[in-house]
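Structure assessment
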Amino acid sequence: MKKYKKPESHFVRNPGGLSGEEIARLSEEELSEYLRKDSFLQDKKKYRIKSGYILREIAGEYVIIPVDSGTEISNAVMTPNHTAAFLWKSFEQPSTIEDVVVKGMREYEVTEDTIRNSTEHFVKESLKRNILEEVD
């Protein structure tokens with residue numbers, strides 16, 4: 001028997017600019033090659049905030065508190081703005097960058113490039129600081 005996984009789907013950018021009809025006509029091999037272009041495989045990676053941190057809202061302001069001595073940042077409290085708190089909350093559950101970009105475009109009046117750049121920067125910096133982890 002196969003291992004059960006919760007059903008889910010994710011948004012993935014069209015890497016090569018073909019129309020939906022053109023993509024539908026590709027053979028499996030051509031489609032596989034087409035989707036490997038650009039960042040399709042990167043878009044499938046999921047990330048989540050590591051355990052050991054708590055995000056709290058106090059009097060309309062956010063704070064991130066490290067509660068585990070094994071965390072990278074153990075002697076400081078982080079104070080994210082509302083957008084950074086949105087990104088934090090988005091990655092509390094395993095999510096792809098693309099999922100968070102789509103969610104951000106629904107949440108904020110912002111261009112796709114702006115929210116994508118912010119999300120990618122958040123992921124890069126959080127991975128570097130060992131706050132975020134890649135998950136299956």
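Scroll up a little and you will see the structure.
We now turn to the structure provided with this report. (Residues numbered from 1 in each chain as written. Predicted model: local features only at pLDDT ≥ 70, side-chain atom pairs only at ≥ 80, totals over all residues. Heavy atoms only, no water.)

1. Notes on the overall build of the chain
The secondary structure content of the chain amounts to six helices and five strands. Each helix (α) and strand (β) of the chain, taken in turn from the N terminus, gives the series α-α-α-β-β-β-α-β-α-α-β. Across the 136 residues that make up the chain, the buried fraction comes to 32%. Here the analysis covers contacts within the chain between residues at least 6 apart in sequence; of these, 54% occur between residues at least 24 apart. Just so you have it, the chain exposes about 9,500 Å², and 48% of that area is on carbon and sulfur atoms. (Helix = DSSP H or I, 4+ residues; strand = E, 2+ residues; numbered from the N terminus. Buried < 20%, exposed > 50% of the residue type's maximum accessible area, 1.4 Å probe, protein only. Contact = heavy atoms within 4.5 Å. Areas by Shrake-Rupley, 256 points an atom, 1.4 Å probe, with all protein chains shown as cover.)

2. Section: the environment of I54
With respect to the helices, strands and loops of the structure, I54 is situated in strand β2 (residues 53–58). Distance from I54 to I65, taken between C-alpha atoms, is 5.2 Å for residues 11 residues apart in sequence. Apart from the residues lying within four places of it in its own chain, the contact partners of I54 are V63, I64, I65 and V67.

3. Considering helix α6 (residues 112–128)
Each turn of an α-helix holds 3.6 residues, which means side chains three or four residues apart point in the same direction. Over its 17 residues, α6 extends 24 Å from the first C-alpha to the last, a length consistent with the 24 Å expected when each residue adds 1.5 Å. Turning to α6, its buried residues number three or more, namely I115, R116, T119, F122, V123, E125 and S126. Close packing links the buried residues of α6 with β1 (46–49), α4 (82–90), α5 (97–107) and β5 (132–135). (Expected span 1.5 Å × (residues − 1).)

4. Focus: the sheet that holds β5
In spatial order, the strands read β4-β1-β5; together these three strands make up an open sheet with antiparallel pairing. Either end of the sheet is taken by a strand with one partner, and the two such strands are β4 (95–96) and β5. Judged from the four bridges that link them, β1 and β5 form a sheet pairing that is antiparallel. Paired with K46 across the strands is V135, a residue of β5. (Pairing = 2+ DSSP bridges.)

5. Some words on the environment of P94
Inspection of the secondary structure assignment puts P94 in the loop between α4 and β4. Between the C-alpha atoms of P94 and D136, which are 42 residues apart in sequence, the distance is 8.3 Å. Leave out the neighbours within four places in its chain, and P94 touches K46, Y47, R48 and V135.

6. A word on the packing of aromatic side chains
Following the criterion strictly, the structure yields four aromatic pairs and no others. Each ring, one from Y47 and one from F91, has its centre 6.5 Å from the other, and the planes form 75 degrees; the classification is edge-to-face. A residue pair is termed long-range when its members are at least 10 positions apart, and Y47 in strand β1 and F91 in the loop between α4 and β4 qualify at 44 residues. The exposure class of F91 is buried, given its relative accessible area of 0%. (Phe/Tyr/Trp six-rings, centres within 6.5 Å; stacked < 30°, edge-to-face > 60°.)

7. Quick look at the packing of α5 against α6
The axes of two packed helices give the description: the angle between them and the distance between them. α6 packs onto α5 with a crossing angle of 135 degrees between their chain directions and a minimal axis gap of 9 Å. As the angle between them shows, α5 and α6 are arranged oblique. Crossing geometry of α5 relative to α6 is assigned as right-handed. For the pair formed by α5 and α6, the contact residues are I97, E98, V100, V101, G104 and M105 on the first element and E112, I115, R116, T119, E120 and V123 on the second. Taken together, the residues of the contact of α5 with α6 break down into six nonpolar, two polar and four charged. (Axes fitted to C-alpha atoms, helices over the stretch in contact; angles between N-to-C directions. Parallel < 35°, antiparallel > 145°, perpendicular 65-115°, else oblique. Left-handed = near helix turned anticlockwise from the far one by under 90°. Nonpolar A, V, L, I, M, F, W, Y, C, P; charged D, E, K, R; others polar.)

8. Considering the pairing of β1
Note: β1 against β4, two bridges, orientation antiparallel. Looking at β4, one finds that K46 is bridged to T96.

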